[in-house]
Amino acid sequence: MEADLGYDLFMRTTKDIKITEKGIQFYKYATQLVQEYRSTVEKMYDLNITSEPRIKMGILESTSQWIAKVTQIHHKSFPDQQYRMYEVHDRSDSIDQLLNFDVHFALTNEKINHEDIASIPLYEEPYVLLTPKNEFPNQKTIKIENLPLIMPNKNSQVRKHLDDYFNRRNEFPNIVVETDRFESATNFVHLNLGYAIVPRFYYQSYFAKNLDSIKIRPNLGRKIFINYLKKRKHSEQVMSLIQQCLDYWDI
């Protein structure tokens, strides 16, 4: 490539390698070319299957209820549009998916601090304790340190929140079951194996029917963010769906 260009992109010594000033300029153009290439390949791949490229979303399990409603509204405006959703439990995976053009936007429960990614807060929600019906009658808040708990597996975003919560309080949770999904955690509550800690809005799901939710004391909560690449040339359909997510939470 340097031979074709007629100048060096890197300064090389026996000790290290550094990019030249012209190399920095070339890098800026090369980044745009790579983004255009990925976007074109994505569109052409999807056009093998449908007349419209799919909108690809990285979502959290607990957001599936409201994102389905927003997608339904969006589909009325774009009836030929197709969608693909991926459940993502780790923020670093969401960053990789965005930078690699694997998704158009991603929902996370932590802010993404990256110069190429816009990370906009949508809403805040508390975590609650799921219990069998009438297990704790007339109790509006509860302490959880001594209760048998059903927790998310290590390395998930929610588990990091919960571990930080217990570490700050110098407490050791009584973990009975660890699982990847809130759905399976909820099933264990139905079977009386323990109590699950879930985001407040997940309590609205079908799987949490016939269970009670109690606010955790002291309060434990999180904030949900919508994230997308700033410089990616998103279609009208993608930007419309992102805006409808913001409108749903009145941002």
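Residues numbered from 1 in each chain as written. Predicted model: local features only at pLDDT ≥ 70, side-chain atom pairs only at ≥ 80, totals over all residues. Heavy atoms only, no water.

### Digging into the UniProt feature "domain: HTH lysR-type" (unreviewed entry) in the chain
In the numbering used here, UniProt assigns the "domain: HTH lysR-type" (unreviewed entry) feature to residues 1–20. For residues 1–20, the helix share is 20%, the strand share is 30%, and the end-to-end C-alpha distance is 14 Å. (UniProt positions renumbered as here; feature names shortened; annotations may be inferred. Helix = DSSP H or I, 4+ residues; strand = E, 2+ residues; numbered from the N terminus.)

### Points about the nonpolar core
Across soluble globular proteins, you tend to see nonpolar side chains buried next to one another. Grouped together as the largest cluster of nonpolar side chains are 29 residues, with contacts concentrated most on Leu129, Ile144, Leu147, Leu149, Ile197 and Ile216. Within the residue set of this core, elements represented by two or more residues are strand E6 (117–132), strand E8 (148–152), helix H5 (157–168), helix H6 (182–190), strand E10 (195–199) and strand E11 (211–216). Filtering out sequence-adjacent residues up to four positions away, Leu147 remains in contact with Leu129, Phe136, Ile142, Asn174 and Tyr195. Ile55, Ile67, Ile242 and Trp249 belong to the second-largest nonpolar core, a separate cluster that totals 22 residues. (Core = buried A, V, L, I, M, F, W, Y, C linked by side-chain atoms within 4.5 Å. Buried < 20%, exposed > 50% of the residue type's maximum accessible area, 1.4 Å probe, protein only. Contact = heavy atoms within 4.5 Å.)

### Points about the pattern of salt bridges
Under the criterion given, the structure shown has 13 salt bridges. In this structure, Arg159 engages Asp163 in a salt bridge whose closest nitrogen and oxygen atoms are separated by 2.9 Å. Here Arg159 and its partner Asp163 are both found in helix H5, four residues apart, which amounts to about one turn of the helix. In this pair, the class of Arg159 matches that of Asp163, namely buried. (Salt bridge = Lys/Arg side-chain N within 4 Å of Asp/Glu carboxyl O.)

### Side note on unusual backbone geometry
The omega angle of the peptide bond from Arg217 to Pro218 is -5°, so this bond is cis rather than trans. Mapped onto the elements of the fold, Pro218 is located in the loop between E11 and strand E12 (221–229). Phi angles above zero are rare outside glycine, and Asn138 is one such case at about 65°.

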